[in-house]
Amino acid sequence: MHRNKQIAIILPDTLQSLGLYSLLNEYFPPVEVNLFPSFDVFCAGGNDLFDYYFVQPETFTFNTDFFLPRRSKTIILTDGIEEMRCQQSLNHLMTKASQETIIEQLQQYLVTDTPNTSSGDNNKELSSRETDVLQLIAYGITNKEIADKLNISLNTVLTHRKNITAKLGIKTVSGLTFYAIMNGIVSGEEF
Amino acid sequence: MALVYPNMQLSEVVQEHPSLIPVINRFEIRLGLGDRSVSAICNEYTLDTDFFLTVINTFLNEEYFPEKKLRTFHTSQIIDYLTKTNQYYQRYQLPNIERHLGSFISMSTPGNNTLNLIGKFFSSFKEELTTRIRKDEQVWFPYCLSLSEKLHSGPKEELLLNSSQPEEDTIEELLADLKSIMIKHLSGEYDENLCYAVIFAVSSLEKDIKQHNRIRYRILMPMVSAMEKLCI
């Protein structure tokens with residue numbers, strides 16, 4: 001699983017923060033949004049590992065040391081167009097735009113840089129080792145016995161199982177057995 | 001999602017969320033609700049309005065789960081509700097899925113072996129759920145009730161409850177797998193419409209069981225272990 005996007009909202013206006021908070025949670029889950037009323041409170045938190053920062057223009061200007069190196073991750077809330085013109089290279093969010101436009105803008109910043117799938121590994125095919133493990137699972141053999149049979153450690157068996165589940169979207173032994181029969185990894189007659 | 005309150009018309013709530021119909025049936029409330037408010041209907045059926053609303057609201061909102069409040073209800077109320085959900089699975093939802101699954105398998109191409117396997121997979125799920133229900137009825141629920149009777153005189157607030165998260169629940173996992181298998185791994189010719197009917201029925205059972213399990217693991221179990229400590 002991908003780690004959730006970590007987002008910091010550093011805004012003195014509570015309603016604005018909450019509005020942004022609910023838009024992010026509603027339209028771009030899974031996200032983990034933290035609210036900070038000021039830059040000082042934010043600094044006191046001591047965490048600078050956020051994927052995105054939402055700030056006011058003032059906060060940005062007074063703390064360029066912090067934000068300039070992170071400008072690709074920083075989104076500045078503006079209520080006019082003029083400011084935007086002079087700082088083309090910065091990300092802006094127009095607070096007075098319609099909800100539709102705001103969501104489109106957020107989408108542009110939040111969605112483009114993540115790969116189009118939630119599971120990092122695009123290769124859905126089972127490796128031959130995973131197939132071996134799946135076959136033994138389907139025969140009802142315990143993890144410990146699988147480890148002995150394949151001459152691998154118990155931990156490796158567990159890792160294989162985790163990967164099999166992630167690739168197939170199937171968790172239970174009955175489900176995995178079903179998949180194994182369906183794909184001829186074991187023959188159905190014994191079941 | 002907005003919560004339901006005592007002064008609201010139950011018919012309007014149900015109109016908006018028809019999935020509540022089986023839930024209100026568990027409280028013996030039947031349709032033909034007229035325009036009476038939730039509290040009027042609860043009075044009429046001598047139901048605890050607070051408990052009724054808590055159940056309905058947790059059912060409608062996945063994020064809403066007032067643990068503290070739920071634990072102030074009487075053990076017998078909670079067990080009564082869980083028993084009724086069990087009966088509903090056994091009498092209606094399982095047979096309903098079976099019926100859909102039966103026609104899905106027979107109406108699709110007879111040669112499609114995958115579908116027969118799905119049928120078998122469902123049978124093993126059904127076996128698992130039926131066993132759990134039997135144990136609930138014969139062993140666990142009577143045990144919980146006897147504990148609560150023993151403590152009947154004692155003050156209830158003294159129950160020290162710690163909410164331990166349950167380990168994974170096989171029943172939920174099997175249902176999730178059944179859905180995932182049909183959605184991700186179905187192959188060969190099949191009847192689309194009947195397939196959707198099966199998935200829809202499985203989904204609604206899955207949702208209901210998730211609610212049941214929340215109450216089971218996060219309310220009843222901590223209540224029971226707290227009562228056990230007091231009984232020693």
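Residues numbered from 1 in each chain as written. Chains lettered and ligands numbered in written order. Predicted model: local features only at pLDDT ≥ 70, side-chain atom pairs only at ≥ 80, totals over all residues. Heavy atoms only, no water.

Taking an unreviewed UniProt entry as the reference, chain B is identified by name as Regulator of cell morphogenesis and NO signaling belonging to Parabacteroides chinchillae. What the UniProt record of chain B gives under Subcellular location (unreviewed entry) is the line "Cytoplasm". (UniProt positions renumbered as here; feature names shortened; annotations may be inferred.)

Named according to an unreviewed UniProt entry, chain A is Regulatory protein, luxR family originating from Parabacteroides chinchillae.

J.: Can you lay out the pairing of strand 3 (residues 52–55) of chain A for me, pointing to particular residues and giving the numbers?
T.: Residues and elements named next belong to chain A. Judged by which residues are buried, strand 3 turns out to be covered on both faces: Tyr52 and Phe54 on one side and Tyr53 and Val55 on the other are all buried. Inspection of the sheet shows strand 1 (residues 5–10) paired to strand 3 by 4 bridges, in the parallel sense. Paired with isoleucine 9 across the strands is phenylalanine 54, a residue of strand 3. As defined by bridge partners, strand 3 adjoins strand 4 (residues 74–78) across 3 bridges and the pair is classed as parallel. Bridging across to strand 4, valine 55 finds its partner in isoleucine 76. (Buried < 20%, exposed > 50% of the residue type's maximum accessible area, 1.4 Å probe, protein only. Helix = DSSP H or I, 4+ residues; strand = E, 2+ residues; numbered from the N terminus. Pairing = 2+ DSSP bridges.)

J.: Tell me what's going on with the packing of helix 6 (residues 75–107) of chain B against helix 9 (residues 192–231) of chain B, and back it up with residues and numbers.
T.: For any two helices packed against each other, one specifies the crossing angle of their axes together with the interaxial distance. Residues and elements named next belong to chain B. Closest axis-to-axis distance for the helix 6/helix 9 pair is 9 Å, and the angle between their directions is 160°. One finds that helix 6 runs roughly antiparallel with respect to helix 9. The handedness of the crossing between helix 6 and helix 9 comes out as left-handed. Taken together, the residues that form the contact of helix 6 with helix 9 break down as 24 nonpolar, 9 polar and 2 charged. (Axes fitted to C-alpha atoms, helices over the stretch in contact; angles between N-to-C directions. Parallel < 35°, antiparallel > 145°, perpendicular 65-115°, else oblique. Left-handed = near helix turned anticlockwise from the far one by under 90°. Nonpolar A, V, L, I, M, F, W, Y, C, P; charged D, E, K, R; others polar.)

J.: Could you give me a rundown of the sheet that holds strand 2 (residues 31–36) of chain A, with the residues and numbers involved?
T.: Residue and element names in this part refer to chain A. The strand order across the open sheet built from 5 strands is 2-1-3-4-5, with neighbouring strands paired in parallel fashion. In the strand order of this sheet, the two ends are held by strand 2 and strand 5 (91–94), each with one partner. Taking the axes of each pair of neighbouring strands and ignoring which way they run, one obtains an average angle of 25° across the sheet. Lying on the sheet, helix 1 (residues 14–27) is in contact with strand 1, strand 2, strand 3, strand 4 and strand 5; it crosses strand 2 at an angle near 175°. (Contact = heavy atoms within 4.5 Å.)

J.: How would you explain a nonpolar patch on the surface if you had to name every residue and give the values?
T.: Together, Leu18(A), Tyr21(A) and Leu35(A) line one region of the surface with nonpolar side chains, adding up to about 240 Å² of accessible area. The topology assignment puts Leu35(A) in strand 2. (Patch = residues over 30% accessible without salt bridge, like charges linked within 9 Å, V, L, I, M, F, W, Y side chains within 5 Å. Areas by Shrake-Rupley, 256 points an atom, 1.4 Å probe, with all protein chains shown as cover. Salt bridge = Lys/Arg side-chain N within 4 Å of Asp/Glu carboxyl O.)

J.: How would you explain the confidence of the model for chain A if you had to name every residue and give the values?
T.: Residues and elements named next belong to chain A. The pLDDT averaged across chain A works out to 85; a share of 86% of its residues lies at or above 70. Within chain A, helix 5 (residues 82–86) has the poorest average pLDDT of any element, 56, and strand 3 the best, 94. Here residues 116–122 scores under 50 on pLDDT; set against residues more than four positions off or in separate chains, the count is 6 contacts. (pLDDT = per-residue confidence, 0-100.)

J.: I'd love a proper account of the interface of chain B and chain A, names of residues and values included.
T.: Accessible area lost on assembly of the parts is the figure often given for the size of an interface. Contact residues are listed per partner, giving 14 residues for chain B and 14 residues for chain A. Broken down residue by residue, the surface that chain B buries against chain A is led by Leu117(B), Asp177(B) and His185(B), which jointly contribute 42%. Across the chain B-chain A interface, the total number found is 1 salt bridge. Of the charged contacts, one joins Lys171(A) and Glu173(B) as a salt bridge, the two residues approaching to 3.7 Å between their closest N and O atoms. For the interface between chain B and chain A, the tally reads 4 residue pairs in polar contact (both at pLDDT 80 or more). Mapped onto the side of chain B that touches chain A, the elements with two or more residues apiece are helix 7 (113–150) and helix 8 (170–185) of chain B. Of the residues assigned to the side of chain B that touches chain A, the class counts are 5 nonpolar, 4 polar and 5 charged. (Buried area = accessible area lost by both parts, 1.4 Å probe. Polar contact = N/O pair within 3.5 Å; in protein donor to acceptor, adjacent residues only side chain to side chain.)

J.: So what's going on with the packing of helix 1 of chain A against helix 6 (residues 99–110) of chain A? Which residues, and what values?
T.: All names here are of chain A. Contact geometry for helix 1 and helix 6: axes closest at 11 Å, N-to-C directions at 65°. Considering their axes alone, helix 1 and helix 6 lie roughly perpendicular with respect to each other. Like other packed secondary-structure pairs, helix 1 and helix 6 cross with a definite hand, here right-handed. Each of Leu20, Leu23, Leu24 and Tyr27 in helix 1 lies in contact with helix 6, whose residues at this interface are Gln99, Ile102, Ile103, Leu106 and Leu110. A breakdown of the residues in the contact of helix 1 with helix 6 according to their chemical character gives 8 nonpolar, 1 polar and no charged.

J.: Explain the pairing of strand 4 of chain A to me, and be specific about the residues and the numbers.
T.: Residues and elements named next belong to chain A. By the criterion of burial, strand 4 is predominantly enclosed, with 5 of the 5 residues buried. Burial along strand 4 is two-sided: Thr74, Ile76 and Thr78 facing one way and Ile75 and Leu77 facing the other are all buried. Examined bridge by bridge, strand 4 and strand 5 share 4 bridges and lie parallel to one another. Each residue of the ladder has a partner; that of isoleucine 75, found in strand 5, is asparagine 91.

J.: Can you break down the nonpolar core residue by residue, with the values?
T.: Core analysis: the largest hydrophobic core is formed by 52 residues, its most contacted members being Leu134(A), Ile118(B) and Phe125(B). Contributions of two or more residues to this core are made by helix 7 (128–138), helix 8 (143–150), helix 9 (154–168) and helix 10 (173–182) of chain A together with helix 6, helix 7, helix 8 and helix 9 of chain B. (Core = buried A, V, L, I, M, F, W, Y, C linked by side-chain atoms within 4.5 Å.)

J.: Can you break down the packing of aromatic side chains residue by residue, with the values?
T.: One pass over the full model with this rule turns up 24 aromatic pairs over all chains. Judged by centre distance (5.7 Å) and plane angle (40°), the rings of Phe39(A) and Phe42(A) are tilted. Here the residue Phe39(A) and the residue Phe42(A) both occupy positions in helix 2 (residues 39–45), the gap between them amounting to 3 residues, near one helical turn. Phe42(A) shares its class with Phe39(A); the two are buried. With 5.8 Å between their ring centres and 45° between their planes, Tyr88(B) and Tyr92(B) make a pair best called tilted. Taken together, the residues span about one helical turn, with Tyr88(B) and Tyr92(B) both in helix 6 at a distance of 4 residues. In this structure Tyr88(B) comes out as buried when scored by relative accessible area, which is 18%. (Phe/Tyr/Trp six-rings, centres within 6.5 Å; stacked < 30°, edge-to-face > 60°.)

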